[in-house]
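Coordinates in review
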Amino acid sequence: MRIVPSPYADGLSRTPVARRDTTVDGVPAAWWEYGEPGTGPTLLLVHGFRGDHHGLEPVVSYLPGVHVVAPDLPGFGASAPLAGEHSIDGYAAWLLRFAAAVGLPADAVVVGHSFGTIVAAKALADGLPAARAVLINPIAAPALAGPNALGTRLSSLDFAVGGALPERAGNALLRSRAITRGAGAFLAKTSDPALRAWIHNQHDRYLSGYATRRVVLEAFRASVTHDITEWADRLTLPVHLVAAEHDDITTVDAVRALAAMLPDATMAVIPTVGHLVHYETPRAAAEEIAAVTGVRVA
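In this text the structure is predicted, and so the values were computed from the model without any measurement.

Some words on the overall build of the protein
Of regular secondary structure, the protein possesses twelve helices and eight strands. Computed over the C-alpha atoms, the radius of gyration of the protein is 18 Å, within 12% of the 19 Å expected from 2.2 N^0.38 for a compact globule of 298 residues. Projected onto the principal axes, the alpha-carbon positions of the protein cover approximately 50 × 45 × 40 Å. The proportion of buried residues among the 298 residues of the protein is 56%. Of all intrachain contacts in the protein linking residues separated by at least 6 positions in sequence, the fraction that spans at least 24 positions is 75%. A total of about 11,800 Å² of accessible surface is found on the protein, and carbon and sulfur atoms cover 56% of it.

Printed below as a string of C-alpha cells:
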C-alpha cells in the first residue's frame, strides 16, 4: 500500500518512541511510549473506533516535553482481543487493568478521542486513577441523535450486512476501502488536498486493523449505544472538553450540555474543524492539553 508522508513527521521525530508489550489478564497488549518518565506529565491516550495508537500521534508531535503511554485497544492494532465482549464495560475494565500493569502514575492525564472518550469516561467513573482528563471530540450524546444520525443509520446497515454475510465476505465488506474512505471524506473538513490525501491514507492503513469480525461488530455496537452523559455525575476529577465547531457526530450544544452535567468541567471549541481534530488541527488540540497541564507546545 502506498504511504503518504505525514505532515507531522518532523515534530514527531523529535520525540523518542518505543513499542512496549505487556499482558492484561494473560492477554497480550501492545502500547507505545513517547518520551521518558520524568520528562513531564504522563498522558494516557485512548484512541477512537477502528483506529490504533497512530491516530493521536499528530497531537503528540506538538508535545515534546511530555511522557505518553498510548495502547492499542484490545482487538485493534497490535493488541489481542478481549476474551469477553468488546463492550464499553469490557474496554473500561481492561483500561483499568492495563494502567495497573504498566504502572501508570496516579497523577496521569487521560486523553481520549471520539470513541476513546466514552471508554475513558467509563474507566474514570469506575476508579481509574488520574489527575484530570482531556476529552477531544467527546461523544456527548447518542450517535443516533447527533447531526449525522442518517450516516450512523447507514453505517449500522453496513455493519449489519457485514455481520450477516459469511465470514470472508463480511470481512471484505467491513474492510472495504469504500467504507473507510467514505467515512473520511465525510468527516474531513479541510480543503487542503495534500492533507485530505494523508487522512485517506491513514484510514486505508489503520481502520481495517481489527483482529476479527466479532471485535469490530461488538465495538461498533458499543460506540453507537453509549455516550459520556451516562457517567457524568461520577466524573469528579477536572475534565476539559474539546469540541469542534463542525463536528458531525456531536454538536457543540451537546458538549455544552455535558459540561453542565460534570462536577468540574471546562470547555473549548476549535473552529473550522469537525470530528477529525486529531488529524486536521492537532496543534490546537495540543494547545488545549497544554492549557490544563502547563506543558510546552512545539
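Things to note about the packing of aromatic side chains
Counting across every chain of the model gives eleven aromatic pairs. With a centroid separation of 6.2 Å and an interplanar angle of 75°, the aromatic rings of Phe-49 and Phe-115 are classed as edge-to-face. Taken together, the residues span a long stretch of sequence, with Phe-49 in the loop between strand E3 (42–46) and helix H2 (57–60) and Phe-115 in helix H4 (residues 115–125) at a distance of 66 residues. In this structure an aromatic cluster arises from ring pairing among Phe-49, Phe-76, Tyr-91, Phe-115, Phe-159 and Phe-220. Above the plane of the ring of Tyr-210 lies Arg-175, whose end atom (NZ or CZ) is 4.0 Å from the centre. Over the ring of Phe-186 we find Lys-189; its NZ or CZ atom is 5.5 Å from the centre of that ring.

As for the sheet that holds strand E8 (residues 265–270)
With mixed pairing, eight strands are arranged side by side in an open sheet as E1-E2-E4-E3-E5-E6-E7-E8. Unpaired on one side and paired on the other, strand E1 (17–24) and E8 mark the two borders of the sheet. On average, each strand axis in the sheet is tilted by 20° relative to the strand beside it, whichever way the strands run. Running at roughly 145° to strand E5 (residues 109–113), H4 makes contact with E3, E5 and strand E6 (132–136) of the sheet.

Re the layout of surface pockets
One water molecule sets the probe size; rolling that probe over the atoms shows where empty space is left. When its volume is computed, the largest pocket comes out at roughly 990 Å³. Taken together, 40 residues make up the lining of the largest pocket; nearest its centre are Phe-49, Ser-155, Ala-183, Leu-187 and Ile-249. Listing elements by their share of the lining of the largest pocket, those giving two or more residues are H4, helix H5 (149–164), helix H7 (177–187), helix H8 (193–206), helix H9 (213–225) and helix H11 (277–280). Ranked by residue count, the leading element in the lining of the largest pocket is H7, at seven residues. In this model, the second largest pocket occupies a volume close to 160 Å³. Residue lining of the second largest pocket: 15 residues in total, with Ser-6, Leu-12, Glu-57, Trp-198 and Gln-202 positioned closest to the centre. Looking at the lining of the second largest pocket, the elements that each hand over two or more residues are helix H1 (9–13), H2 and H8. A per-element tally of the lining of the second largest pocket places H8 first, with four residues.

Some points on the side chain of Arg-50
Inspection of the secondary structure puts Arg-50 in the loop between E3 and H2. Buried Arg-50, no salt bridge; nearest opposite-charge side chain is Asp-158, N-O distance 8.2 Å. Reaching out from Arg-50, the side chain makes a polar contact with the backbone oxygen of Leu-207 at a distance of 2.7 Å. What Arg-50 contacts, discounting residues up to four positions off in sequence, is Phe-76, Phe-159, Leu-174, Arg-175, Ile-179, Thr-180, Tyr-206, Leu-207, Ser-208, Tyr-210 and Val-216.

Focus on the pairing of strand E4 (residues 67–71)
Within E4, five of the five residues are buried, leaving the element largely enclosed by the surrounding structure. The alternating pattern of E4 places His-67, Val-69 and Pro-71 on one face and Val-68 and Ala-70 on the opposite face, and all of these are buried. Of the pairings in the sheet, the one linking E3 to E4 comprises three bridges and is parallel in character. Across the sheet, Leu-44 pairs through a bridge with Val-69, a residue of E4.

Observations regarding the nonpolar core
Counting residues in hydrophobic clusters, the biggest one holds 68 residues, and the most contacted among them are Tyr-91 and Leu-235. If one sorts the elements of this core by residue count, H4 sits on top with eight residues. Once you skip the residues sitting within four places of it in the chain, Tyr-91 turns out to touch Leu-73, Pro-74, Phe-76, Leu-82, His-86, Phe-115, Val-119, Val-215 and Ala-219. Core analysis: the second largest hydrophobic core is formed by 28 residues, Leu-43, Val-60, Val-111 and Val-295 among them.

A word on H4
Across the eleven residues that make up H4, a large majority, eleven, are buried. Turning to H4, its buried residues are Phe-115, Gly-116, Thr-117, Ile-118, Val-119, Ala-120, Ala-121, Lys-122, Ala-123, Leu-124 and Ala-125. Buried residues belonging to H4 abut E3, helix H3 (88–101), E5, E6 and H9. One or two residues past the end of H4 sits Gly-127, with phi positive at roughly 115°.

Focus on H9
With 13 residues, H9 extends 19 Å between its outermost C-alpha atoms, agreeing within 8% with the 18 Å of an ideal straight helix rising 1.5 Å per residue. Within H9 the residues assigned to the buried category are Arg-213, Val-215, Val-216, Glu-218, Ala-219, Phe-220, Ala-222, Ser-223 and Val-224.

Calculation rules
- Residues numbered from 1 in each chain as written.
- Predicted model: local features only at pLDDT ≥ 70, side-chain atom pairs only at ≥ 80, totals over all residues.
- Heavy atoms only, no water.
- Helix = DSSP H or I, 4+ residues; strand = E, 2+ residues; numbered from the N terminus.
- Rg over C-alpha atoms; globule rule 2.2 N^0.38 Å.
- Buried < 20%, exposed > 50% of the residue type's maximum accessible area, 1.4 Å probe, protein only.
- Contact = heavy atoms within 4.5 Å.
- Areas by Shrake-Rupley, 256 points an atom, 1.4 Å probe, with all protein chains shown as cover.
- Phe/Tyr/Trp six-rings, centres within 6.5 Å; stacked < 30°, edge-to-face > 60°.
- Lys NZ or Arg CZ within 6 Å of the ring centre and 35° of its normal.
- Pairing = 2+ DSSP bridges.
- Axes fitted to C-alpha atoms, helices over the stretch in contact; angles between N-to-C directions.
- 1 Å grid on protein atoms, 1.4 Å probe; cavity = no way out; pocket = protein on both sides within 12 Å on 5 of 7 lines; lining within 4 Å.
- Points joined across faces, edges and corners; volume = space filled by probe spheres on them.
- Lys, Arg positive; Asp, Glu negative; His and termini not counted.
- Salt bridge = Lys/Arg side-chain N within 4 Å of Asp/Glu carboxyl O.
- Polar contact = N/O pair within 3.5 Å; in protein donor to acceptor, adjacent residues only side chain to side chain.
- Core = buried A, V, L, I, M, F, W, Y, C linked by side-chain atoms within 4.5 Å.
- Expected span 1.5 Å × (residues − 1).

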